[in-house]
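Topology and contacts: notes
One letter stands for each residue in the lines below.
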2 protein chains.
Amino acid sequence: MTATIEHANDVYPTRLDGGYGVLPRHDQVVWGTTEDGPMDQQSLESYDENGYLAIPELITPEEVDELRAERQRLCNDPSILNDERTIVETASQEVRSIFEVHKISDVIARLAADPRVAGRARQVLGSDVYIHQSRINFKPGFGGGDFAWHSDFETWHAEDGLPRMRTVSISISLTDNHSYNGPLMIMPGTHRSYVSCGGTTPEDNYKASLMMQGAGVPDTKTLTKMADTYGIDVLAGAAGSAVMFDCNCMHGSNGNITPYPRSNVFLVFNSVENTAVEPFSATKPRPTFIGARDFTPVG
Amino acid sequence: MTATIEHANDVYPTRLDGGYGVLPRHDQVVWGTTEDGPMDQQSLESYDENGYLAIPELITPEEVDELRAERQRLCNDPSILNDERTIVETASQEVRSIFEVHKISDVIARLAADPRVAGRARQVLGSDVYIHQSRINFKPGFGGGDFAWHSDFETWHAEDGLPRMRTVSISISLTDNHSYNGPLMIMPGTHRSYVSCGGTTPEDNYKASLMMQGAGVPDTKTLTKMADTYGIDVLAGAAGSAVMFDCNCMHGSNGNITPYPRSNVFLVFNSVENTAVEPFSATKPRPTFIGARDFTPVG
């Protein structure tokens, strides 16, 4: 019943077989205050304005080493390799992503619940938070692929049923990000504009486009106008640094011909006051390892 | 006879079906002095050390406009579109490159002969120069492709028969190059090491790999070691700026998901004391629109 009412009044319509359009955001960006967590007023204001915040040295070099070792351990575990939550590159047989990694690995569960991490998410979202998605990624050098521009929220709304924009991603780097090895790029300020996409969601869309390369990709005209208006920030940063960004940021990354691969832990925190309902533009929700249905608070 | 003697004593062997190897350079980098052209001592020393030189504002904004209009004129000319020297993207029907453009366009012929351009080439190479290759390029945004790391000289030696390293490329930007839209990247200092490549040259290799994506690509182990040793410079620069770089620089570029395409005029000047002989590792030379056999000096 809740779902039906919410869907009838959906302020973020998308993939309804119409055209593309830019709609205003109806949700605040920062819900908490300096009293709610580790970030100061300037950090909160910067996040509010740009839709993201770069955090140098979020974790220590020792923690980076521990997480890299943990990733290696997982990649060497046959039961993990055969798990549907593990994405293996067909050609190279290399592990690209392990989803729901906070449930698979105690090391990553601890990281996700750490006050430096979950504490920041709670502060921005002004409530308890749960993990909507988690993964550890490895993007190789010498031709690693790109990710086209997209807003995560558009997919999480259309395919997972997140009702409103009250979700934050924290990406923690396990390798150095240079301007030249395909780092995260964000158009600062775009989190305040919702790009409604054309088309409809194909059945089991996630299988073909696990990273949103198909449905949910904005049109080039809108993207050009947004880039002209907001510019493009390139998020370089050393291993151990992090970027936290709003669910509706327009972001993407170029490919990487350099010898330097990129690896990160990617954690998506959603407010417990914004739990998933039925998808807004798909016949059924994505699997729970991609979009959680367990709303137990973290930490 | 000349060719046979030179081939027997080839100091830059490659594609001889052996392995990969790094050999020393046997040629100087800068052959002229400050008296021979527009560059000062500091510029010549920087070029000598890094193997490249960035030149801001080589041409004026009005000249950039003129060249962009000339490119558009060429792209609208049916006889140019049907010319084998024009590379058209199959999917989009967009013109990606027009080769031998200094013979097709008076505007580009004048640019190539300009003292700011040919004068710099003569100064670096210490002799008269001719154009070994020229083209005007257009690389689109929203997924424009990458170019893997390579040394141009390796191909020009193997497939075109340039005997020694006495060749310079000047790339003049007709659009802004940002760190994020797939600019030229160079490993500074690599021009002093020659990477001999494995394999052999397939018949008509240029058709499949017009930009050297096939034979002539160094192995990843050597590239990793070079990147660790020399680093990677990202050549951002405004429209009208240029980069001149030694024929043996290890260089490449990432793809481009941004809305901002890249266009440049690319001119390769070779010393008249280094004219092409028979290819060193191919059964026949590439077509003359890719590797010139007319050695008439420029300007």
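Analysis parameters
Residues numbered from 1 in each chain as written. Chains lettered and ligands numbered in written order. Predicted model: local features only at pLDDT ≥ 70, side-chain atom pairs only at ≥ 80, totals over all residues. Heavy atoms only, no water. UniProt positions renumbered as here; feature names shortened; annotations may be inferred. Phe/Tyr/Trp six-rings, centres within 6.5 Å; stacked < 30°, edge-to-face > 60°. Helix = DSSP H or I, 4+ residues; strand = E, 2+ residues; numbered from the N terminus. Buried < 20%, exposed > 50% of the residue type's maximum accessible area, 1.4 Å probe, protein only. Lys NZ or Arg CZ within 6 Å of the ring centre and 35° of its normal. Least-squares fit on C-alpha atoms with pLDDT ≥ 70 in both. Contact = heavy atoms within 4.5 Å. Buried area = accessible area lost by both parts, 1.4 Å probe. Salt bridge = Lys/Arg side-chain N within 4 Å of Asp/Glu carboxyl O. Nonpolar A, V, L, I, M, F, W, Y, C, P; charged D, E, K, R; others polar. Pairing = 2+ DSSP bridges. Axes fitted to C-alpha atoms, helices over the stretch in contact; angles between N-to-C directions. Core = buried A, V, L, I, M, F, W, Y, C linked by side-chain atoms within 4.5 Å. Parallel < 35°, antiparallel > 145°, perpendicular 65-115°, else oblique.

- Looking at an unreviewed UniProt entry, one finds chain A named Ectoine hydroxylase and attributed to Nocardioides albertanoniae.
- Its UniProt record gives chain A the following Subunit (unreviewed entry) comment, quoted word for word: "Homodimer."

**Focus on the packing of aromatic side chains**
- Per the counting criterion, the structure on display carries 12 aromatic pairs over all chains.
- Ring centres of tyrosine 12 of chain B and phenylalanine 153 of chain B lie 5.2 Å apart, and the angle between their planes is 80°; this geometry places the pair in the edge-to-face category. Pair noted here: tyrosine 12 of chain B is in the loop between helix H1 (2-8) and strand S1 (21-24) and phenylalanine 153 of chain B is in helix H8 (residues 152-160), with a separation of 141 residues, a long-range link. This pair shows no difference in class: tyrosine 12 of chain B is buried, exactly as phenylalanine 153 of chain B is.
- Between phenylalanine 245 of chain B and phenylalanine 266 of chain B, the aromatic rings sit 6.2 Å apart at their centres with planes inclined by 45°, giving tilted as the arrangement. Here phenylalanine 266 of chain B lies in strand S13 (residues 262-271) and phenylalanine 245 of chain B lies in strand S11 (residues 242-246), a separation of 21 residues in the sequence. Of the two residues, phenylalanine 245 of chain B and phenylalanine 266 of chain B, neither departs from the other in class, the shared state being buried.
- Put simply, the rings of Tyr12, Phe153 and Tyr194 of chain A touch in pairs and so form one group of aromatic residues.
- The ring of tryptophan 31 of chain A has arginine 166 of chain A sitting right over it, with the charged end atom 3.7 Å from the ring centre.

**Describing the relation of the copies chain A and chain B**
- In the superposition of chain A on chain B (RMSD 0.0 Å, axial shift 0.0 Å), the rotation amounts to 180°. This pairing of chains is accounted for by a two-fold axis.
- Both copies contact each other with a shared surface, as 100% of the interface residues of chain A are interface residues in chain B too.

**A word on the interface of chain A and chain B**
- At the interface, 24 residues of chain A touch 24 residues of chain B.
- Here chain A packs against chain B, burying approximately 1900 Å² in sum over the two surfaces, 66% of which is carbon and sulfur.
- It is Phe142, Tyr180 and Ile257 of chain A that lose the most area in chain A upon contact with chain B, and together they represent 32% of the buried surface on that side.
- Inspection of the chain A/chain B interface yields 0 salt bridges.
- Put simply, the parts of the chain that give the side of chain A that touches chain B at least two residues each are strand S6 (147-150), helix H10 (220-230) and strand S12 (250-253) of chain A.
- Broken down by element, the side of chain A that touches chain B gets its largest block of residues, 5 residues, from H10 of chain A.
- Residues of the side of chain A that touches chain B, tallied by class, amount to 13 nonpolar, 9 polar and 2 charged.

**So, the sheet that holds strand S8 (residues 184-187) of chain A**
All names here are of chain A.
- Read across the open sheet, the 4 strands follow the order S6-S12-S8-S10; overall the sheet is antiparallel. For this open sheet the edge positions go to S6 and strand S10 (233-234), each flanked by a neighbour on one side alone.
- Bridge count between S8 and S12: 4 bridges; the pairing is antiparallel. Paired with methionine 187 across the strands is methionine 250, a residue of S12.
- The strands touched by H10 are S6, S8 and S12; relative to S8, the strand with the most contacts, the crossing angle is about 85°.

**What to know about the nonpolar core**
- With 40 residues, the main nonpolar core has Tyr47, Ile98, Val117, Ile172, Met244, Val265 and Phe269 of chain A as its most contacted residues.
- When neighbours within four sequence positions are excluded, methionine 244 of chain A is seen to be in contact with Met39, Tyr47, Gly51, Tyr52, Leu53, Ile55, Arg120, Val124, Val168, Ser169 and Ile170 of chain A.

**Here's the deal with the packing of helix H3 (residues 61-75) of chain A against helix H6 (residues 106-113) of chain A**
Residues and elements named next belong to chain A.
- The N-to-C vectors of H3 and H6 enclose an angle of 140°; their axes lie 10 Å apart at closest approach. Comparing the axis directions of H3 and H6 gives the class oblique. Together, Glu66, Leu67 and Glu70 of H3 and Val107, Ile108, Arg110 and Leu111 of H6 make up the contact between the two elements.

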